[in-house]
Amino acid sequence: DTEVTQTPKHLVMGMTNKKSLKCEQHMGHRAMYWYKQKAKKPPELMFVYSYEKLSINESVPSRFSPECPNSSLLNLHLHALQPEDSALYLCASSQGRGDGANVLTFGAGSRLTVL
Amino acid sequence: LAKTTQPISMDSYEGQEVNITCSHNNIATNDYITWYQQFPSQGPRFIIQGYKTKVTNEVASLFIPADRKSSTLSLPRVSLSDTAVYYCLVGAHDKIIFGKGTRLHILP
């Protein structure tokens, strides 16, 4: 299995809702990532987990809460979001080579709309 | 982190060879150069990675001069389906930051 699977593909939520995005990989990759992408902009790094521990948080607001229950799963919990948080949320994983040769495998993304 | 600079956009015609150059003056000794392709509403897809000289795979070639301060992605005989955004990334272990990319538009 060489895929990263993201669910749901589309999510519409109100500003008071609590929802979660899910990501799964079965490639034995040790690092998992969340990116946010707005239209016609590059993906923007949010969080990185390495060996199931949060290693990078790019100053993301606390209304986004990541969780890595095990080495194959990555969640992004959403609470009290704003309309400007509407975007494509991308999950990725990598073998995590320590020599600058990291290659990311991305999922298809979850399209989030906040009303 | 090494910063990358690419053309914002490029147009080409079907059947042509397309070369996209990326500048990375501050590349570190251990950094590799990696290119991704992204179609609208999809995640980026790995195309090719290299450290020096030339790398070729089934979809592209990557040319890296000796000083490694730039690299060129070469797409042979492009088709309409190669219309996408192409990102050049350098380094950087786990903190993988995307630059603005090159929007490639293939014309019939």
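Since this is a predicted model, take the numbers as computed values, not measurements.

> Looking at this structure, I do not really get the sheet that holds strand β7 (residues 64–70) of chain A. What am I missing?
Hydrogen bonding along the main chain pairs the strands of a sheet, whether they run parallel or antiparallel. All names here are of chain A. Within the open sheet, the four strands sit side by side as β1-β3-β8-β7. Their pairing is antiparallel. Strands with a single pairing partner mark the edges of an open sheet, and in this sheet they are β1 (4–7) and β7. Within this sheet the neighbouring strands show an average axis-to-axis angle of 20°, counted without direction. When β1 meets strand β3 (residues 18–25), the two strands line up antiparallel, connected through four bridges. Its bridge partner being in β3, Thr5 is matched across the sheet by Glu24.

> Just checking my understanding: could you explain the packing of aromatic side chains for this structure?
What characterises a pair of aromatic rings is the spacing of the ring centres plus the angle enclosed by the ring planes. Here the structure, examined in full by the defined rule, presents 10 aromatic pairs over all chains. Centre to centre, the rings of Tyr35 of chain A and Phe106 of chain A are 5.6 Å apart; their planes meet at 50°, and the pair counts as tilted. Separated by 71 residues along the polypeptide, Tyr35 of chain A in strand β4 (residues 31–37) and Phe106 of chain A in strand β10 (residues 105–106) bring together distant segments of the chain. Take Tyr35 of chain A and Phe106 of chain A: they sit in the same class, and that class is buried. Here the aromatic rings of Tyr35 of chain A and Phe98 of chain B are separated by 5.6 Å at their centres, their planes lie at 90°, and the arrangement is edge-to-face. On the criterion of chain membership, the pair formed by Tyr35 of chain A in strand β4 and Phe98 of chain B in the loop between β8 (84–90) and β9 (102–107) is interchain, its members lying in two chains. Tyr35 of chain A sits in the buried class, given a relative accessible area of 0%.

> Just checking my understanding: could you explain the pattern of salt bridges for this structure?
The tally for this structure, following the rule as stated, stands at four salt bridges over all chains. For Arg30 of chain A, the salt bridge is made with Asp94 of chain B, and the minimal N-O distance between the two is 3.0 Å. Within this pair, whereas Arg30 of chain A is found in the loop between β3 and β4, its partner Asp94 of chain B is found in the loop between β8 and β9, the two belonging to separate chains. Residue classification places Asp94 of chain B among the buried residues on the basis of a relative accessible area of 14%. In this structure, Lys36 of chain A and Asp85 of chain A form a salt bridge, with 3.9 Å as the shortest nitrogen-oxygen distance. Of this pair, Lys36 of chain A sits in strand β4 while Asp85 of chain A sits in the loop between β8 (73–79) and β9 (87–94), placing them 49 residues apart in sequence. What makes Lys36 of chain A buried here is its relative accessible area of 16%. Shared partners join several salt bridges into a network, and the residues in it are Lys36, Arg63 and Asp85 of chain A.

Conventions adopted
- In this numbering scheme, every chain counts its residues from 1 along its sequence in written order.
- Each chain is given a letter, starting from A, and each ligand a number, starting from 1, according to the order in which they appear as written.
- For a predicted model such as this one, the threshold for reporting local features is a pLDDT of at least 70, and the threshold for listing and counting side-chain atom pairs is 80 or more; totals across whole chains, interfaces and linings nevertheless cover every residue.
- Side-chain calculation: all heavy atoms of the structure are included, whereas hydrogens and water are not.
- For two strands to be treated as a pair, DSSP must find at least two bridges joining them.
- Put simply, DSSP marks the helices as runs of H or I at least four residues long and the strands as runs of E at least two long, and each gets a number from the N terminus on.
- Note on method: axes are straight lines fitted to C-alpha atoms, helices fitted across the in-contact stretch only, with angles between N-to-C directions ranging 0 to 180 degrees.
- Each pair of aromatic rings taken from Phe, Tyr and Trp, with Trp reduced to its six-membered ring, is defined by centres within 6.5 Å and is described as stacked if the planes are under 30 degrees apart, edge-to-face if over 60, and tilted in the remaining cases.
- The buried label goes to any residue with under 20% of its type's maximum accessible area, the exposed label to any with over 50%, and the partly exposed label to all in between, with areas taken from a 1.4 Å probe on protein chains only.
- Take a side-chain nitrogen of Lys or Arg and a carboxyl oxygen of Asp or Glu: if they are within 4 Å of each other, that pair is a salt bridge.

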